[in-house]
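Descriptive structure summary
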Amino acid sequence: MATFRLQGSRVLAVDMSGDAVKAKNGSMVAYDGQMAFKKMTGGGEGIRGMVTRRLTGEQMTVMEVKGHGTCWFADRATEINLVELRGEKLFVEAGNLLCTDAALRTGTQFTGVRGASQGNGLFTTTVEGSGQAAIMSDGPAVVLRVSRQYPLTVDPGAYVAHQGDLRQNLQSGVTFRTLLGEGGGEAFQIRFEGEGLVYVQPSERNTIAGDV
């Protein structure tokens, strides 16, 4: 199995001995040894499956990297976080997924309606199985624990990923920008209940649910 390690906080090094990983297309910045790169196409799940996923109209293309040596990955100097999965499922925004072990299965799951007024669906990329995944965040990610006693409410623009036995519901809410009169539309928040971890970033991307 490939070994994931960070060099600094913005570069992922993956050591391979005939192993393979799936990585965001174009994210390789350097390698040594013998490596083969292949754009992923086809149907089904797994390493030869369809890995072009549509997330609210966007596409993410993944490449297979296989060989002997070390390969380094990075994307726009974003912060990188390593997640160890032991038979679990990780839910992550497609744009925040950098690299996964080839043994991990990837897919797309519908997780609700982001905004009733717009009728937009919320689709999340899933990574499942045993192995490592590298996810990106705009600034150092904060990992917040959710318990049954302490549910968590997250701004959709700051959400990166989550794992564990969690239920999520979208609810209307008020943000600081709305209070300051800077909001341009209806604001929504994601409420997590159950037991698990939520990864959030210290900045907000634009979302299709209005100005949140």
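Keep in mind that what you see is a predicted model, and the values were worked out from it rather than measured.

**Thoughts on the overall build of the protein**
Summing up its helical and strand segments, the protein has one helix and 14 strands in all. A burial count over the protein gives 50% of its 212 residues as buried. Across the protein, contacts joining residues at least 24 apart in sequence account for 77% of those joining residues at least 6 apart. Surface summary for the protein: the accessible area is close to 10,100 Å², and the carbon and sulfur share equals 49%.

**A closer look at the pairing of strand 8 (residues 97–101)**
Judged by how many residues are buried, strand 8 sits mostly within the fold: five of five residues are covered. Strand direction decides the pairing type here: strand 2 (residues 12–24) and strand 8, joined by three bridges, are antiparallel. In the strand pairing of strand 8, Lys 22 is matched with Thr 100.

**Describing the confidence of the model for the protein**
Averaged over all residues, the pLDDT of the protein equals 81, while 74% of them reach at least 70. Throughout residues 113–121 the model reports pLDDT below 50, and contacts reaching past four residues in sequence, or to other chains, amount to 24 contacts.

**Things to note about unusual backbone geometry**
With a phi angle near 55°, Arg 76 is a residue other than glycine that sits in the positive phi range. Topologically, Arg 76 is positioned in the loop between strand 6 (62–73) and strand 7 (79–92). One non-glycine residue with positive phi stands out, namely Ala 77, at about 60°. Looking at where Ala 77 falls in the secondary structure, it is placed in the loop between strand 6 and strand 7.

**Digging into the pairing of strand 6**
Buried residues dominate strand 6, accounting for nine of its 12 residues. Sheet topology places strand 2 next to strand 6; 12 bridges connect them, and they run antiparallel. When the bridges of strand 6 are listed, Ala 13 appears paired with Trp 72. In this sheet, strand 6 lies alongside strand 3 (residues 28–39) in antiparallel orientation, the contact comprising 11 bridges. What sits directly across from Gln 34, in strand 6, is His 68.

**Quick notes on the packing of aromatic side chains**
How two aromatic rings sit relative to each other is set out by the distance from centre to centre and by the angle between their planes. Evaluated as defined, the whole model comprises two aromatic pairs. Geometrically, the ring pair formed by Tyr 159 and Phe 192 is stacked, given 5.9 Å between the ring centres and 20° between the ring planes. Of the two residues, Tyr 159 is situated in strand 13 (residues 159–172) and Phe 192 in strand 14 (residues 188–200); the sequence distance between them amounts to 33 residues.

**Digging into the pattern of salt bridges**
Between side chains of opposite charge, pairing is possible as soon as their charged atoms come close. Using the criterion set out here, one finds nine salt bridges in the structure. With a shortest N-O distance of 2.8 Å, Asp 15 and Arg 5 are connected by a salt bridge. Remark: Arg 5 occurs in strand 1 (residues 3–6) and Asp 15 occurs in strand 2; sequence separation between them is 10 residues. With relative accessibility at 32%, the residue Arg 5 sits in the partly exposed group. A salt bridge links Lys 24 to Asp 75, with the nearest nitrogen and oxygen atoms 3.0 Å apart. Here Lys 24, found in strand 2, pairs with Asp 75, found in the loop between strand 6 and strand 7; they are 51 residues apart in sequence, far enough to count as distant. With respect to burial, Lys 24 and Asp 75 carry one shared label: buried.

**Some details on the nonpolar core**
Leu 12, Val 14, Val 21, Phe 73 and Cys 99 are the most contacted members of the largest nonpolar core, which totals 17 residues. Within the residue set of this core, elements represented by two or more residues are strand 2, strand 6, strand 8 and strand 10 (120–137). When residues of this core are assigned to their parent elements, the largest contribution, five residues, is made by strand 2. Apart from the residues lying within four places of it in its own chain, the contact partners of Val 21 are Ala 2, Phe 4, Val 14, Met 16, Met 63, Glu 64, Val 65, Phe 73, Cys 99, Thr 100, Asp 101 and Ala 102. Formed by 12 residues, the second largest nonpolar core is a distinct cluster that contains Val 83, Leu 90, Ala 133 and Ile 135.

**Observations regarding the environment of Ser 203**
With respect to the helices and strands, Ser 203 occurs in the segment after strand 14. In this structure the C-alpha to C-alpha distance between Ser 203 and Asp 155, which are 48 residues apart in sequence, comes to 10.0 Å. Those residues within four positions of Ser 203 in sequence are excluded, and the remaining contacts are Asp 138, Gly 157 and Ala 158. Within the structure, Ser 203 has its side chain in polar contact with the side chain of Asp 138 (distance 2.8 Å).

Rules used in this analysis
Residues numbered from 1 in each chain as written. Predicted model: local features only at pLDDT ≥ 70, side-chain atom pairs only at ≥ 80, totals over all residues. Heavy atoms only, no water. Helix = DSSP H or I, 4+ residues; strand = E, 2+ residues; numbered from the N terminus. Buried < 20%, exposed > 50% of the residue type's maximum accessible area, 1.4 Å probe, protein only. Contact = heavy atoms within 4.5 Å. Areas by Shrake-Rupley, 256 points an atom, 1.4 Å probe, with all protein chains shown as cover. Pairing = 2+ DSSP bridges. pLDDT = per-residue confidence, 0-100. Phe/Tyr/Trp six-rings, centres within 6.5 Å; stacked < 30°, edge-to-face > 60°. Salt bridge = Lys/Arg side-chain N within 4 Å of Asp/Glu carboxyl O. Core = buried A, V, L, I, M, F, W, Y, C linked by side-chain atoms within 4.5 Å. Polar contact = N/O pair within 3.5 Å; in protein donor to acceptor, adjacent residues only side chain to side chain.

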